[in-house]
Amino acid sequence: MLDLILKERLPVVVQGITGRTGRAHAVAMRTYGTNVVAGVGREVGNVEGIPVFLDCAAAVAATGALASVVLVPPLNVRSAVLEAIDAGIRFVVCVTEGVPIHDSLAIVRRARETGTTWIGPSTAGMGIPGRMKLGFLPDVALRAGSLAVMSKSGTLAYELCWRLSERRVGQSIWVGVGGDPVKGTRFAELLPLFAKHDATKAVLVLGEIGGSEEEDLAAQITALRFQKPVHVLLAGGSAPEGVTMGHAGAMVDGNRGTLVSKTTALREAGATVYASMDALTVGVVKQMR
Amino acid sequence: MVLLEHDAKVLALVLGLRVPPGVMAETTGSISADRLPPGPWIVKAQVPAGGRGKAGLIQPAATIEAVRSAVQTMLGATHRGHIVKGCRIEATVAGMREAYAALMIDPAAAAVRVMLSAQGGVDIESTHGVVSELVAPEAAAIADAVRRLTAKFSPSMCAAFADAFAALTRIMLECEATLVEVNPLFIGDNGSWIAGDLKLMIDENALVRRPVLAELVTARRFAYPEAALKLATGFDYVEVDAEGTIGLLTTGAGLSMMLIDELRAKGHRPFNFVDIRTGQFRGNPTRLIQVLSWIARGPKIKVVLVNVFAGITHLGEFARLFLEALEAVPDLQIPIVARLIGNGFDEARSIFANESDRVILEHDLDHAIEIVASYTVSKP
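Remember, predicted model here, so these are calculated numbers, not experimental data. (Residues numbered from 1 in each chain as written. Chains lettered and ligands numbered in written order. Predicted model: local features only at pLDDT ≥ 70, side-chain atom pairs only at ≥ 80, totals over all residues. Heavy atoms only, no water.)

A few words on the overall build of chain B. Looking only at helices and strands, chain B features 11 helices and 18 strands. Relative to its full complement of 380 residues, chain B shows a buried share of 56%. By sequence separation, contacts in chain B at least 24 residues apart represent 67% of the contacts at least 6 residues apart. In the structure as shown, chain B presents an accessible area of about 15700 Å², 54% of it carried by carbon and sulfur atoms. Considering chain B, the positive charge centre built from 36 side chains and the negative charge centre built from 42 side chains are found 4 Å apart. (Helix = DSSP H or I, 4+ residues; strand = E, 2+ residues; numbered from the N terminus. Buried < 20%, exposed > 50% of the residue type's maximum accessible area, 1.4 Å probe, protein only. Contact = heavy atoms within 4.5 Å. Areas by Shrake-Rupley, 256 points an atom, 1.4 Å probe, with all protein chains shown as cover. Lys, Arg positive; Asp, Glu negative; His and termini not counted. Charge placed at Lys NZ, Arg CZ, Asp CG, Glu CD.)

Let us now look at the pairing of strand β8 (residues 111–117) of chain B. All names here are of chain B. Within β8, 6 of the 7 residues are buried, which leaves the element mostly enclosed by the surrounding structure. Pairing of strand β7 (residues 97–106) with β8, which is carried by 7 bridges, proceeds in the antiparallel orientation. Across the sheet, residue A101 finds its bridge partner in β8, namely L116. Count of turn residues in the β7/β8 antiparallel hairpin: 4 residues, of which A110 carries a positive phi of about 50 degrees. (Pairing = 2+ DSSP bridges.)

With that settled, the discussion passes to helix α7 (residues 253–265) of chain B. Think of an α-helix as turning once every 3.6 residues; residues three or four places apart then point the same way. Residue and element names in this part refer to chain B. With 13 residues, α7 should reach 18 Å at 1.5 Å per residue; the first-to-last C-alpha distance of 18 Å fits that figure. Counting buried positions along α7 yields 11 of 13 residues, so the element is predominantly enclosed. Within α7, the full set of buried residues consists of A253, G254, L255, S256, M257, M258, L259, I260, D261, E262 and L263. Positive phi appears at G267, one or two residues downstream of α7, with a value of about 90 degrees. (Expected span 1.5 Å × (residues − 1).)

A word on the sheet that holds strand β12 (residues 202–208) of chain A. Residues and elements named next belong to chain A. The strand order across the open sheet built from 7 strands is β9-β8-β11-β10-β12-β13-β14, with neighbouring strands paired in mixed fashion. Either end of the sheet is taken by a strand with one partner, and the two such strands are β9 (132–135) and β14 (272–274). Across this sheet, the average inter-strand angle for adjacent strands is 20 degrees, counted without regard to direction. As paired elements, strand β10 (residues 144–151) and β12 share 5 bridges and run parallel to each other. (Axes fitted to C-alpha atoms, helices over the stretch in contact; angles between N-to-C directions.)

Residues and elements named next belong to chain A. What the 7 strands build is an open sheet, ordered β3-β4-β2-β1-β5-β6-β7; its pairing is mixed. Each edge of the open sheet carries a strand with a single partner, namely β3 (45–47) and β7 (117–119). Across the sheet, the mean angle separating the axes of adjacent strands is 30 degrees when strand polarity is ignored. Sheet analysis places strand β1 (residues 11–15) next to strand β5 (residues 67–70), joined by 4 bridges and oriented parallel. If you follow V12 over to β5, its bridge partner there is A67.

In this section: the environment of B:G16. Residue and element names in this part refer to chain B. Considering the arrangement of structural elements, one finds G16 in the loop between α1 (5–14) and β1 (22–25). On the basis of relative accessible area, G16 is assigned to the partly exposed category, the value being 33%. Separated by 164 residues in the primary sequence, G16 and V180 place their C-alpha atoms 13 Å from one another.

The interface is formed by 59 residues belonging to chain B together with 55 residues belonging to chain A. A combined buried area of about 4600 Å² lies between chain B and chain A, and 59% of that area is made up of carbon and sulfur atoms. Among the residues of chain B in contact with chain A, B:N205, B:M257 and B:F309 are the three that bury the most area, contributing 14% of the side total. Its salt-bridge partner being A:R163, residue B:D366 comes within 3.6 Å of it at the nearest N-O pair. Of all the secondary-structure elements, those providing two or more residues to the side of chain B that touches chain A are α4 (155–174), β10 (177–187), β12 (198–202), α6 (225–233), β13 (236–239), α7, β17 (336–342) and α11 (365–376) of chain B. Residue contributions to the side of chain B that touches chain A peak at 9 residues, all from α7(B). (Buried area = accessible area lost by both parts, 1.4 Å probe. Salt bridge = Lys/Arg side-chain N within 4 Å of Asp/Glu carboxyl O.)

This part covers the pattern of salt bridges. All told, the structure shown has 37 salt bridges over all chains when counted by the stated rule. The partner of A:R163 in a salt bridge is A:E159, with the nearest N and O atoms 2.9 Å apart. Of this pair, A:R163 and A:E159 both sit in helix α6 (residues 154–166), 4 residues apart, roughly one helical turn. The class for A:R163 is buried, based on a relative accessible area of 6%. Classification of A:E159 by relative accessible area gives buried; the value is 0%. Between B:R220 and B:E26 there is a salt bridge; the shortest N-O distance is 3.4 Å. Of the two residues, B:R220 sits in the loop between α5 (211–219) and α6 while B:E26 sits in the loop between β1 and β2 (41–45), which places them 194 residues apart along the sequence. Overall, the relative accessible area of 19% leaves B:R220 in the buried class. Note on B:E26: relative accessible area 47%, which makes it partly exposed. Connected via shared salt-bridge partners are B:E5, B:K9, B:K44, B:R52, B:R88, B:E90 and B:D197.

Ring pairs (aromatic) are described by centroid distance and by the angle formed between their planes. Here the structure, examined in full by the defined rule, presents 9 aromatic pairs over all chains. Aromatic pair A:W162 and B:F309: ring centres 6.2 Å apart, planes at 80 degrees, arrangement edge-to-face. With one member in each of two chains, A:W162 in helix α6 and B:F309 in strand β16 (residues 303–310) form a pair that bridges those chains. Accessibility classification places A:W162 together with B:F309 in one group, the buried group. Measuring from ring centre to ring centre gives 5.7 Å for B:F153 and B:F161, while their planes differ by 50 degrees; the resulting arrangement is tilted. Of the residues examined, B:F161 reaches a relative accessible area of 0% and is grouped as buried. Members of the aromatic cluster, each reached through a chain of ring pairs, are B:F281, B:F318, B:F322 and B:F352. (Phe/Tyr/Trp six-rings, centres within 6.5 Å; stacked < 30°, edge-to-face > 60°.)

A few words on the domain arrangement of chain B. We note that the domain assignment places domain 1 (21–91), domain 2 (97–202) and domain 3 (235–376) within chain B. Distance from the C-alpha centre of domain 1 of chain B to the C-alpha centre of domain 2 of chain B: 26 Å. (Domains from an automatic or database assignment.)

Below, the discussion takes up the nonpolar core. Of all hydrophobic cores here, the largest spans 80 residues; its most connected members are B:L17 and B:F161. In terms of residue count, α4(B) provides more of this core than any other element does, 9 residues in total. Non-local contacts of B:F161, meaning those with residues more than four positions away in its chain, are made with B:A99, B:Y100, B:A101, B:L116, B:S117, B:A118, B:V146, B:T150, B:F153, B:L185 and B:I187. Grouped together as the second largest cluster of nonpolar side chains are 54 residues, A:V285, B:F273, B:V337 and B:I341 included. (Core = buried A, V, L, I, M, F, W, Y, C linked by side-chain atoms within 4.5 Å.)

For the rest of this paragraph, the subject is the side chain of A:K262. All names here are of chain A. Among the structural elements, K262 can be located in helix α9 (residues 259–268). At 2.7 Å, the side chain of K262 forms a polar contact with the side chain of E214. Non-local contacts of K262, meaning those with residues more than four positions away in its chain, are made with E208, I209, G210, G211, S212, E213, E214, E215, L234 and G257. (Polar contact = N/O pair within 3.5 Å; in protein donor to acceptor, adjacent residues only side chain to side chain.)

Attention now goes to the packing of α6(A) against helix α10 (residues 277–288) of chain A. Residues and elements named next belong to chain A. Put simply, α6 and α10 touch, their axes get as near as 10 Å, and they point 45 degrees apart. Viewed along their axes, α6 and α10 adopt a mutual orientation that is oblique. Viewed along their axes, α6 and α10 form a crossing whose handedness is right-handed. Contact residues: L156, E159, L160, R163 and L164 in α6; M277, D278, L280, T281, V284 and V285 in α10. Residues belonging to the contact of α6 with α10 are distributed by class as follows: 7 nonpolar, 1 polar and 3 charged. (Parallel < 35°, antiparallel > 145°, perpendicular 65-115°, else oblique. Left-handed = near helix turned anticlockwise from the far one by under 90°. Nonpolar A, V, L, I, M, F, W, Y, C, P; charged D, E, K, R; others polar.)

Here you go:
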């Protein structure tokens with residue numbers, strides 16, 4: 001995965017480019033530096049100079065696109081991602097929120113069978129600051145540096161990457177894994193990439209209550225004997241049990257998914273878990289500079 | 001979202017799950033012998049959280065008076081942050097052994113976990129004696145797993161599990177559930193079975209294509225206020241503290257959650273959680289008006305904190321819509337601290353410049369929180 005996305009001028013197709021959001025973000029991504037070579041939409045033509053095709057296979061055949069950003073409504077995500085995989089694309093970022101979990105389940109299973117990296121759904125996207133972004137990541141928070149960021153939340157990552165950027169700490173890579181319980185790429189799967197990524201000197205993890213992703217990450221840190229510093233902030237500690245807090249995955253169920261369970265596991269694995277955004281900012285800046 | 005046991009059982013019955021006959025009571029006045037199934041009964045408080053038995057929220061009752069008294073005690077009680085608004089009164093199951101059966105989506109494995117045990121009971125969370133297998137989310141694969149997992153059981157137990165799991169599978173696939181858990185699953189010597197308790201977690205994202213579930217959530221919006229509201233409006237809003245003093249108007253689930261955590265840690269009382277999704281406004285102030293009017297109803301509200309990190313949204317447009325919304329909610333006569341950052345900040349600043357007596361604009365979140373805090377202190 002890392003080899004593919006670090007490729008210079010990685011050619012990207014935007015699925016859903018003829019929609020309002022698709023058009024706006026195709027242009028925003030291109031302006032940032034992303035090599036948007038094609039779009040897939042309702043009719044053949046072009047959007048702001050980007051050629052538009054009716055399906056992924058045609059877009060790939062004509063332009064050699066290797067990665068896709070999916071910007072289609074939630075109930076269309078399943079068919080769009082499967083279409084990209086069938087067209088041979090092996091890196092798909094899906095920003096759409098509200099994808100039914102059983103659809104995500106089917107997509108993850110197909111992605112794993114085919115060796116496809118699927119990022120999302122319900123993510124702000126991913127990026128390599130200074131070079132490209134796939135998704136919504138705001139330019140004001142992107143700054144090239146050596147901190148690898150992985151986050152369930154878009155806005156919490158915007159806030160912290162912006163605060164850190166203001167203090168001259170930038171990112172080597174930024175991956176929003178998304179706030180859904182069933183997702184393409186989980187924290188633990190990114191850790192081996194960050195381990196061998198020379199540009200990455202430390203890792204920032206922005207987690208949330210619910211699920212077991214943070215606990216799985218802790219186990220992965222230990223299993224890999226991961227040496228780079230890991231800084232963590234966890235949101236949702238004061239949420240009531242059984243209530244979904246905005247993100248479908250952010251729900252405490254009995255003893256599962258609690259802040260205490262996650263904090264304990266990560267601390268035991270050697271990560272630094274902070275209690276507030278300010279404390280995290282201070283801690284990361286101190287360690288990085 | 002977790003369905004209340006009563007609603008889950010009503011749904012599951014239609015899909016072939018056997019459950020003891022029962023009714024819902026939301027007042028003691030509605031309880032009479034002709035409405036109840038044959039006794040003795042078990043009275044179960046309806047809240048979407050576990051640990052009811054240990055909290056005294058599941059009580060046996062041999063007489064109608066005992067049923068009324070149990071319901072009386074339970075209604076209005078708070079359990080893990082939820083107020084009991086109703087009780088299920090159910091016929092008692094006797095003379096059967098307790099087992100356990102569940103289907104659960106395992107996100108890391110991207111598979112369905114089939115879990116079962118010949119012993120049931122309230123301490124199942126320790127998973128002692130539970131055997132499980134991960135399989136594809138398909139009926140045939142689940143049935144095969146159940147056969148393998150029950151291979152050493154008696155023929156009548158095997159038959160009971162096979163039959164019960166067929167019902168659980170229908171529920172999981174047709175309701176797009178993420179968890180279907182029966183604990184206890186009562187099994188008789190002859191292979192008969194019936195679900196003592198049922199925990200059903202469904203996917204809010206699937207409601208739009210599951211009309212039966214959408215109707216349930218809408219019809220019972222007092223039981224599922226957050227889900228019903230999201231279905232109706234398209235965004236998330238949760239009242240987290242009825243006595244809260246700080247109304248929040250924020251976007252982004254993660255940052256909004258973190259903000260509530262930090263306010264609480266500093267001893268403040270936020271009234272609500274909201275992820276208003278500024279990116280979906282499309283020039284329409286409706287969502288802003290809705291949230292401001294709900295905040296205005298908070299009896300102890302002193303101040304509103306707005307937090308928008310505009311990666312994509314234009315803050316100039318946000319500021320115009322926000323003022324329009326304020327006009328539309330004349331009940332809300334308290335200070336507004338608006339922490340805005342990103343796209344179009346300068347335009348937002350000039351728009352708010354004429355409203356400086358009502359809206360305090362701030363760039364730094366921690367500083368905005370300090371200003372908000374100064375308004376929540378009661379002045380002598």
